[in-house]
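Notes for the structure review
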Amino acid sequence: MSQIIEPRAEDPVRVVLPRTLSAALSEAATMQMEGHRWSAQNVAAARGVLTGGGAQMLLSALAGRLDRSDPSSPGWALLALPATVGDEELQVAGAGVLAALGCPFFSIRQGNGRLWIGQETSEAKEAASFGGTGAQTLHIDAPNVEQVPEYTSLLVLRGDPAGGGVSLLGDLRAAVARLDETDREALREPVFFEGQAENLSGVGAPRMPFPVLEDDQDGQPAWVRWAGKMLRDPRNTGRTAVLERFAAALAQTTVAVTLGRGQLLVIDQRRMAHGRTALGPQQGLADGTRRWIMQAKATFDPAAPAHQVLAGAAAGRRNDA
Ligand SMILES: [Fe+2]
């Protein structure tokens, strides 16, 4: 087994979504869906609010933290939505933030097909699953499909009253850079398995087996299809040594972030893996008091306001040169 490395606790920059902006988003948009996507009308309405003035600081902070052209940008952003508004407003405002990057969607259908999936934490769920009480190893969501979701996000309705469930973020590219070329070559082979890819929306066909490391034309990592569970998957037997080395490299890059109500963690899946520590002791916690986190995905849309901010800044730099 790889050595256990304590992740560095980070007190992150929280990008504040002002109350007025949250209210404006929830006035302008609803939770109406079109299939697995937030409706086009909602996306347009949210973008109208975000580009109508009063959101420039939010947009540039979000864009700056998720700037793919800047390797020194974090690749994730933590937004502080107003914690005192209702759950519905949090979900609409959270979807509005995602619309700044792309089109919000769900990849797993739950109930009548709402955007934000997830229920109150339960000991009845498998401990390591979403909504379970155990630790979750670092992973990207849906590593085993043709179109991996570009962004994933977690919206906290209620933190763990027992003080656990700290979010972990691992830098996939920094971890790849720590490996030697022999290991990188081994990870480029399309021979790896993880879970199942059934009944998913918006992510294309299943892709299994797959390469962990998938480069673009310039030889830069396009995707690092990673899930810590791969280490224990019998289909990967015989290839676990290189997976162990990658897991150890990823652990060296990992930071820990504590999330509370109203916080929205947005993660660029091309750059960062996510996971969590175990929740605190759950005995005696009544229904309606345990941790409740929801998740939604988003596509990458170059026309979305945050990317337009970056395109505008890049054009400005070219003009200055
Ligand atoms: Fe996940």
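Residues numbered from 1 in each chain as written. Predicted model: local features only at pLDDT ≥ 70, side-chain atom pairs only at ≥ 80, totals over all residues. Heavy atoms only, no water.

Before going further, it helps to spend a moment on the pairing of strand β13 (residues 263-268). Within β13, 6 of the 6 residues are buried, which leaves it mostly tucked inside the rest of the structure. Residues Gln263, Leu265 and Ile267 of β13 are buried on one face, and the alternating residues Leu264, Val266 and Asp268, pointing to the opposite face, are buried as well. Where strand β5 (residues 76-80) lies against β13, 5 bridges are found, and the strand directions are antiparallel. Paired with Trp76 across the two strands is Ile267, which belongs to β13. Relative to β13, strand β8 (residues 151-158) runs antiparallel, the two being bridged by 5 bridges. The residue bridging Leu154 from the neighbouring strand is Leu265, located in β13. (Buried < 20%, exposed > 50% of the residue type's maximum accessible area, 1.4 Å probe, protein only. Helix = DSSP H or I, 4+ residues; strand = E, 2+ residues; numbered from the N terminus. Pairing = 2+ DSSP bridges.)

Turning to the packing of helix α1 (residues 19-28) against helix α4 (residues 87-99), a few remarks are in order. The geometry of α1 relative to α4 is characterised by a closest axis approach of 8 Å and an angle of 95° between their N-to-C directions. By the angle class used here, α1 and α4 are roughly perpendicular. Across from Ser22, Ala23, Leu25 and Ser26 in α1, the residues of α4 making contact are Glu89, Val92, Ala93 and Gly96. Considered class by class, the residues forming the contact of α1 with α4 number 4 nonpolar, 3 polar and 1 charged. (Axes fitted to C-alpha atoms, helices over the stretch in contact; angles between N-to-C directions. Parallel < 35°, antiparallel > 145°, perpendicular 65-115°, else oblique. Contact = heavy atoms within 4.5 Å. Nonpolar A, V, L, I, M, F, W, Y, C, P; charged D, E, K, R; others polar.)

With that out of the way, let us pick up the packing of aromatic side chains. By the definition in use, this model includes 2 aromatic pairs. Taking the centre distance of 6.4 Å and the plane angle of 15° together, the rings of Tyr151 and Phe300 count as stacked. On the criterion of sequence distance, the pair formed by Tyr151 in strand β8 and Phe300 in the loop between β15 (292-298) and α8 (305-320) is long-range, its members being 149 residues apart. Between Arg65 and the ring centre of Trp76, over which it is positioned, the NZ or CZ distance is 4.9 Å. (Phe/Tyr/Trp six-rings, centres within 6.5 Å; stacked < 30°, edge-to-face > 60°. Lys NZ or Arg CZ within 6 Å of the ring centre and 35° of its normal.)

Right, let's talk about the environment of Pro161 for a bit. Mapped onto the elements of the fold, Pro161 is located in the loop between β8 and β9 (167-171). Judged by relative accessible area, which is 48%, Pro161 ranks as partly exposed. Between the C-alpha atoms of Pro161 and Asn144, which are 17 residues apart in sequence, the distance is 34 Å. Dropping the residues within four chain positions of it, Pro161 is found in contact with Leu285, Thr289, Arg290 and Arg291.

Turning our attention to the nonpolar core. Membership of the largest hydrophobic core comes to 45 residues, with the highest contact counts inside it found for Trp38, Leu62, Leu79 and Trp116. The dominant element in this core, judged by the number of residues it contributes, is α4, at 7 residues. In this view, Trp116 contacts Met31, Gln91, Gly94, Ala95, Leu98, Ser153, Leu155, Leu264, Met294, Gln295 and Ala296; residues no more than four positions away in its chain are not counted. In this structure, Phe105, Val212, Trp226 and Leu250 belong to the second largest nonpolar core, which totals 34 residues. (Core = buried A, V, L, I, M, F, W, Y, C linked by side-chain atoms within 4.5 Å.)

This brings us to the sheet that holds strand β14 (residues 272-276). The mixed open sheet is built from 5 strands, whose spatial order is β1-β12-β9-β14-β7. Here the strands that pair on one side only, and so sit at the sheet edges, are β1 (8-9) and β7 (136-139). Bridge analysis of β7 against β14 gives 2 bridges, and the strand direction is antiparallel. Paired with Gln136 across the bridge in β14 is Arg276.

As a further point, take the coordination of the iron ion. Protein coordination of the iron ion is provided by His139 (NE2), Asp141 (OD) and His274 (NE2), with donor distances spanning 2.1 to 2.2 Å. Written as a sequence motif, the donor arrangement for the iron ion is H-x1-D-x132-H. In this pair, His139 sits in strand β7 while His274 sits in strand β14, placing the two residues 135 residues apart along the sequence. As far as burial versus exposure is concerned, His139 and His274 are alike and both buried. (Donors = N, O, S within 2.8 Å, 3.2 Å for Na, K, Ca; no water.)

All of the buried residues in helix α2 (residues 40-50) are Asn42, Val43, Ala46, Arg47, Val49 and Leu50. Buried residues of α2, viewed axially, fall in a sector of 155°; they line one side. With respect to the buried face of α2, the exposed residues turned more than 90 degrees away are Gln41 and Ala44. Its buried side turned inward, α2 meets α1, β4 (37-38), α3 (56-65), α4, β6 (104-105) and α8. (Arc of directions from axis to C-beta.)

Summed over the entire model, instances satisfying the criterion amount to 17 salt bridges. Residues Glu150 and Arg68 are paired through a salt bridge, measuring 2.8 Å at the closest nitrogen-oxygen approach. Remark: Arg68 occurs in the loop between α3 and β5 and Glu150 occurs in the loop between β7 and β8; sequence separation between them is 82 residues. With a shortest N-O distance of 2.9 Å, Glu181 and Arg184 are connected by a salt bridge. Of this pair, Glu181 and Arg184 both sit in helix α6 (residues 181-187), 3 residues apart, roughly one helical turn. (Salt bridge = Lys/Arg side-chain N within 4 Å of Asp/Glu carboxyl O.)

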